[in-house]
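# Structural features, examined
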Number of protein chains: 2
Amino acid sequence: MTLTMTKTMTVEEQAISAKKAAKQLGILSTDDKNEALIILADALENNYEAILAENEKDLQNGREKGFEDAFMDRLALTRERIVDFAEGLRQVAEHDDPIGDVLSDWTLENGLNVKEIRVPLGVIGMIYEARPNVTVDAAGLALKSGNAIILKGGSSALSSNKAIVDIMHQALENTKVPKDAIQFIATTDREATQQLFTMKEHIDVLIPRGGGALIKAVVENATVPVLETGVGNCHLYVDGEADTEKALKIMINAKTDRPAVCNAAETLIVHQAWLENNKQQLAEAFQEHGITVHGDEKAAAALPNVVPATETDWADEYLSLDMAIKVVDNIDEAIEHIDQYGTKHSEAIITENAVNARKFLQVVDAAALYHNASTRFTDGGALGFGAEIGISTQKLHARGPMGLPALTTRKYVMVGDGLVR
Amino acid sequence: MTLTMTKTMTVEEQAISAKKAAKQLGILSTDDKNEALIILADALENNYEAILAENEKDLQNGREKGFEDAFMDRLALTRERIVDFAEGLRQVAEHDDPIGDVLSDWTLENGLNVKEIRVPLGVIGMIYEARPNVTVDAAGLALKSGNAIILKGGSSALSSNKAIVDIMHQALENTKVPKDAIQFIATTDREATQQLFTMKEHIDVLIPRGGGALIKAVVENATVPVLETGVGNCHLYVDGEADTEKALKIMINAKTDRPAVCNAAETLIVHQAWLENNKQQLAEAFQEHGITVHGDEKAAAALPNVVPATETDWADEYLSLDMAIKVVDNIDEAIEHIDQYGTKHSEAIITENAVNARKFLQVVDAAALYHNASTRFTDGGALGFGAEIGISTQKLHARGPMGLPALTTRKYVMVGDGLVR
């Protein structure tokens, strides 16, 4: 009877094994970690055919199940995409290593030296949906920040993810990084995910990435601390004194550039006076870009083809070329609407009025606030943070795009010479 | 029929009211907040008799219920203690205001200016046990950091806490701080506490302060993010090459200075060789300071009056003049024991061996690590952080003593001139 390691290990055993590996990985030098990242990158590139073969199984399965085109597109790998994965790992190797940074250093009058040192979190549990790129990105960021990672991807990408992890495991044999630092939960049952929720002893943080339902399930059921990512019900508020050209350009970009991502705009809140003066151009912009408009009564009175908006239009992300429109009489009404329906992700005001801009930026509660710019900039790459593990919409620990520092904590190290209080 | 506001408001209404107040408080100037802190301090000092009268009711109730001396001591107020509360508020007024700090500021090539600005968390839910000083300390730190606070103290201090909050509410009438920014849950039922656990819409963070059972209940049941504080099962490891004088001095301080606090040492892990050479002096130190020793077989063989240690001796805090002793053959065994039983609070090594010291400080996973110094230094005041709202034993958001910055988050504010991606 021969079973492979992966098959005989329970989820808890995998977590224990990750924790042990985290201790070794956490104290590796930057060079050792970077070398491993390069070796992983090369291995993925060199074995792209094996990955594509396994990906084809997932695609076949997806076609049989009749998944949507957008979903299939996120699932599909190509040689180019795999080269991009490898390139991503090489970029992570070039990032500064946050581990070991001395964040502060002081000596008390009694002679006690105090150093605040950046250290890894330990073990990260990553729970995600279809996209196989998360498997590579998350493993790379975890490795660079000295953390072990437990990967639980969506069942629709199981074969692709498994192929990627197998190649990474083989490649790690030639590095100082223990291969147990990357754990893959190779099962499709939900119980495995739920087990991760409560393993406080072995897992330091859970990061869910995917749709609102997944994130909600993790936040509501996990006792392990969670880094909440991603749902973005983002608003553009076009103020009474908005410049027409800027407003239209930003609306089109925020809505249509990549409608399915979390930093796309979902609702246009527009000042009555601006709407009166610009309804023609706004209607043309909607039509030209294929945007379906769901609006309140005032919007329907000013614009053609407005579908009456219901509560869900205000509350949910469309992630498509649909947009809700709410007409307001002043900035306070706009802020109130955002307070009620926003998800604290990204919110923008378009105005030439400096007082209103200042008020909006100060009062609205969100990770990212914009004045005369598109919400699409809320992204680690676009803002110059480098690779990101997700966009935090919570307030604790990390807010907005999360790069390597979000995967770290600190310890205080005190040295005395027999000092007592 | 006239009912007072407090009586007619539900916990949810109080939370909503706190959230509204947080918006006003969050944008007040530093001067306005400091002025309010001074007015609160004066009001508490001037009304000490009213507080003492209400405190007497709690004490009377405590005596009837036969509470322990240590508990009664924490509950009892005196004029001096109230003066200390006021002094604490005045010190918070002198702390730097973290709100509005620009943590980073850069401009992208496309001209988008990005500022990372420190802002309040919003609404803090504080759930705590007997000590009425938490009512004042937490309110003061929340106010200074621009946060509204919902106070849910222990039922045994209900009259004292209510008196303190009433005085603070009256005093706030003369300030720019809305009095709704301090909410007090004036009921003893547990349901009120449980309601706080899930009010994600209105409460940004819960901070439990008290015993392990309270903290566990909050962590396991809350969907609101939690800042976990305080359980400290702290260890001293006396290495083979420890200096005798330093080891004994630190052991006595860490165990006996204030046995009931979280940074007191609970277990002494001692190297076999050091124990052999120092058993006489160690036994004398235990006897002289009234320390009851619970140990393993090797400790019992070397020392007099050793109570056999059981699992709970290793796992739990004594918070008394009891101490567990485990004898080890090397540093790795010591680290393993700490890994298994430590609560990631404060851990110390006593040694003259630099290699072992470095290993311990690097490998042990805790908020505070000490070499040749007492664990008693893990305290915001002692380390020079100023006032603290608790000591975090978690890894996310804040670790170790939590001062004002732990009560803040950040927002990214981006300004463009019609910029799109």
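Chains are numbered independently. Their residues run from 1 in the order of the written sequence. The order in which chains are written sets their letters, starting at A; the order in which ligands are written sets their numbers, starting at 1. Local features in a predicted model are, by the rule used here, given only for residues with pLDDT of at least 70; side-chain atom pairs are given and counted only at 80 or more, and totals for whole chains, interfaces and linings are based on all residues. For side-chain calculations, the full set of non-hydrogen atoms in the structure is used, while hydrogens and water are omitted.

### Brief notes about the overall build of chain A
- In terms of helices and strands, chain A carries 16 helices and 16 strands.
- For chain A, the C-alpha atoms occupy an extent of roughly 70 × 70 × 35 Å along the three principal directions.
- Exposure is judged per residue with a 1.4 Å probe applied to protein chains only, and the accessible area is read against the type maximum: over 50% gives exposed, under 20% gives buried, and values in between give partly exposed. For chain A, with 421 residues in total, the buried portion stands at 57%.
- Between two residues, a contact is recorded if the distance between any of their heavy atoms is within 4.5 Å. Within chain A, contacts between residues separated by at least 24 positions form 71% of all contacts whose residues are at least 6 apart in sequence.
- Only four residue types enter the charge count, namely Lys and Arg as positive and Asp and Glu as negative; His and the chain termini do not. Where a charge lies is defined by one atom per residue type: Lys uses NZ, Arg uses CZ, Asp uses CG and Glu uses CD. Computed over 40 positive and 63 negative side-chain charges, the separation of the two mean positions in chain A equals 5 Å. Elements are defined by DSSP. Helices are runs of H or I of four residues or more, strands are runs of E of two residues or more, and each kind is numbered from the N terminus.

### Digging into the pattern of salt bridges
- Counted as salt bridges are all cases of a side-chain nitrogen of Lys or Arg within 4 Å of a carboxyl oxygen of Asp or Glu. Tallied over the entire structure, the rule returns 52 salt bridges over all chains.
- In this structure, the salt-bridge partner of K246 of chain B is D417 of chain A, at a minimum N-O distance of 2.6 Å. Taken together, the positions of K246 of chain B in helix α11 (residues 244-256) and D417 of chain A in strand β16 (residues 408-419) put the pair across two chains.
- Residue class for K246 of chain B comes out buried when judged on its relative accessible area of 14%.
- Its salt-bridge partner being D42 of chain B, residue R90 of chain B comes within 2.9 Å of it at the nearest N-O pair. Of the two residues, R90 of chain B sits in helix α6 (residues 79-94) while D42 of chain B sits in helix α3 (residues 30-46), which places them 48 residues apart along the sequence.
- The class for R90 of chain B is buried, based on a relative accessible area of 17%.
- Residue classification places D42 of chain B among the partly exposed residues on the basis of a relative accessible area of 32%.
- Beyond isolated ion pairs, a larger network of salt bridges with shared partners links D204 of chain A together with K344, D365, K395 and R399 of chain B.

### Some details on the domain arrangement of chain A
All names here are of chain A.
- Partitioning chain A into domains gives domain 1 (5-228 + 397-415) and domain 2 (234-382).
- Two parts placed together each lose some accessible area; with a 1.4 Å probe, that loss summed over both constitutes the buried area. Taking both partners together, domain 1 and domain 2 bury about 380 Å²; carbon and sulfur atoms supply 54% of that area.
- It is R399, G400 and P401 that lose the most area in domain 1 upon contact with domain 2, and together they represent 83% of the buried surface on that side.
- Across the domain 1-domain 2 interface, the total number found is one salt bridge.
- R399 is the partner of D365 in a salt bridge, and the nearest nitrogen-oxygen pair spans 2.8 Å.
- A 3.5 Å cut-off defines polar contacts: any pair of N or O atoms within that distance qualifies, except that in protein one atom must be a possible hydrogen donor and the other a possible acceptor, and neighbouring residues in sequence count only when both atoms are side-chain atoms. One can count two residue pairs in polar contact (both at pLDDT 80 or more) joining domain 1 with domain 2.
- Tallied by class, the residues present in the side of domain 1 that touches domain 2 amount to one nonpolar, one polar and two charged. What counts as a domain boundary in this text is fixed by an automatic or database domain assignment. By the convention adopted, Pro, Cys, Tyr, Trp, Phe, Met, Ile, Leu, Val and Ala count as nonpolar, Lys, Arg, Asp and Glu as charged, and the other residues, Gly among them, as polar.

### Examining the relation of the copies chain A and chain B
- For the least-squares superposition of copies, only C-alpha atoms count, and only for residues with pLDDT at least 70 in both. The two copies are related by a screw operation: chain A maps onto chain B through 180 degrees of rotation and 0.0 Å of translation along the axis, at an RMSD of 0.0 Å. One copy is carried onto the other by what is essentially a two-fold rotation axis. Of every C-alpha in chain A, the one belonging to H397 of chain A sits nearest the axis of rotation, 1.8 Å from it.
- Comparing interface residues between copies, 100% of those in chain A also lie at the interface in chain B; the contact surface is shared.

### Topic: the interface of chain A and chain B
- Taken together, the contact pairs 67 residues of chain A with 67 residues of chain B.
- Carbon and sulfur atoms supply 56% of the area buried between chain A and chain B, which totals about 5700 Å² over both sides.
- It is L396, Y412 and R421 of chain A in chain A that bury the most area against chain B; as a group they hold 14% of the surface buried on that side.
- Counting the contacts that link chain A with chain B gives ten salt bridges.
- Scanning the region where chain A abuts chain B turns up 47 residue pairs in polar contact (both at pLDDT 80 or more).
- Broken down by secondary-structure element, the contributors of at least two residues to the side of chain A that touches chain B are α2 (11-26), β2 (113-120), α10 (212-221), α11 (244-256), α16 (354-363), β13 (368-373) and β16 of chain A.
- By residue number, the principal contributor to the side of chain A that touches chain B is β16 of chain A, which donates eleven residues.
- For the side of chain A that touches chain B, the class distribution of residues is 33 nonpolar, 15 polar and 19 charged.
- Note that β16 of chain A and strand β13 (residues 368-373) of chain B share five bridges and pair parallel. Following the sheet pairing, Y412 of chain A is matched in β13 of chain B by A368 of chain B. Any two strands with at least two DSSP bridges between them are considered paired.

### Remarks on the pairing of strand β7 (residues 234-238) of chain B
Residue and element names in this part refer to chain B.
- Extensive coverage of β7 is indicated by the burial of five of its five residues.
- Here β7 shows a buried face lined by C234, L236 and V238 and a second buried face lined by H235 and Y237.
- Bridge count between β7 and strand β8 (residues 265-271): five bridges; the pairing is parallel. The residue bridging H235 from the neighbouring strand is T267, located in β8.
- Once the chain exits β7 it traverses α11 before rejoining the sheet at β8, and the crossover so formed is right-handed.
- With four bridges joining them, β7 and strand β12 (residues 346-350) adopt parallel strand pairing. By the bridge assignment, V238 is partnered in β12 with I350. Assignment of crossover handedness uses the view with strands pointing away from the viewer, where a clockwise path from the first strand over the helix to the second indicates a right-handed crossover.

### Remarks on the side chain of T375 of chain B
All names here are of chain B.
- Among the secondary structure elements, T375 is positioned in the loop between β13 and β14 (390-392).
- Among the residues examined, T375 registers a relative accessible area of 0% and is labelled buried.
- Within the structure, the side chain of T375 is placed 2.7 Å from the backbone oxygen of N263, a separation counted as a polar contact.
- In this structure T375 touches C234, H235, L236, A254, N263, A264, A265, S346, E347, A348 and Y370, once residues within four positions along its chain are discounted.

### Details of the confidence of the model for chain A
- Confidence in the prediction for chain A averages 94 pLDDT; 98% of positions are at 70 or higher.
- pLDDT runs from 0 to 100 and stands for how confident the predictor is about each residue. Low confidence marks residues 1-6 of chain A, where pLDDT is under 50. Its contacts with residues over four positions away, or in another chain, come to three contacts.

### Focus on helix α4 (residues 48-65) of chain A
Residue and element names in this part refer to chain A.
- The end-to-end C-alpha distance of α4, which contains 18 residues, comes to 25 Å, matching closely the 26 Å that a straight helix rising 1.5 Å per residue would cover.
- Looking at α4, one finds that the buried residues are Y48, I51, N55, D58, L59 and G62. Projected down its long axis, α4 shows its buried positions confined to an angular sector of 105 degrees, all on one face. The exposed residues of α4 that point more than 90 degrees off its buried face are E49 and E64.
- Of the surrounding secondary structure, the elements contacted by the buried residues of α4 are α3 (30-46), α5 (69-75), α6 (79-94) and α8 (158-172).
- Following α4 by one or two positions, G66 adopts a phi angle in the positive range, close to 70 degrees. To estimate the expected span of a helix, subtract one from its residue number and multiply by 1.5 Å. To be clear, the arc concerns the directions from the helix axis to the C-beta atoms.

### Observations concerning α16 of chain A
- Within the sequence span of α16 of chain A, burial applies to N356, A357, F360 and L361 of chain A. One side of α16 of chain A holds all its buried residues, which, seen down the axis, span an arc of 130 degrees. Residues of α16 of chain A that are exposed and angled more than 90 degrees away from the buried face: V355 and R358 of chain A.
- Of the surrounding secondary structure, the elements contacted by the buried residues of α16 of chain A are β7 (234-238), α15 (331-341), β12 (346-350) and β13 of chain A together with β16 (408-419) of chain B.
- At the N-terminal boundary of α16 of chain A, the capping side chain belongs to N353 of chain A, with an oxygen 2.9 Å from the backbone nitrogen of V355 of chain A.

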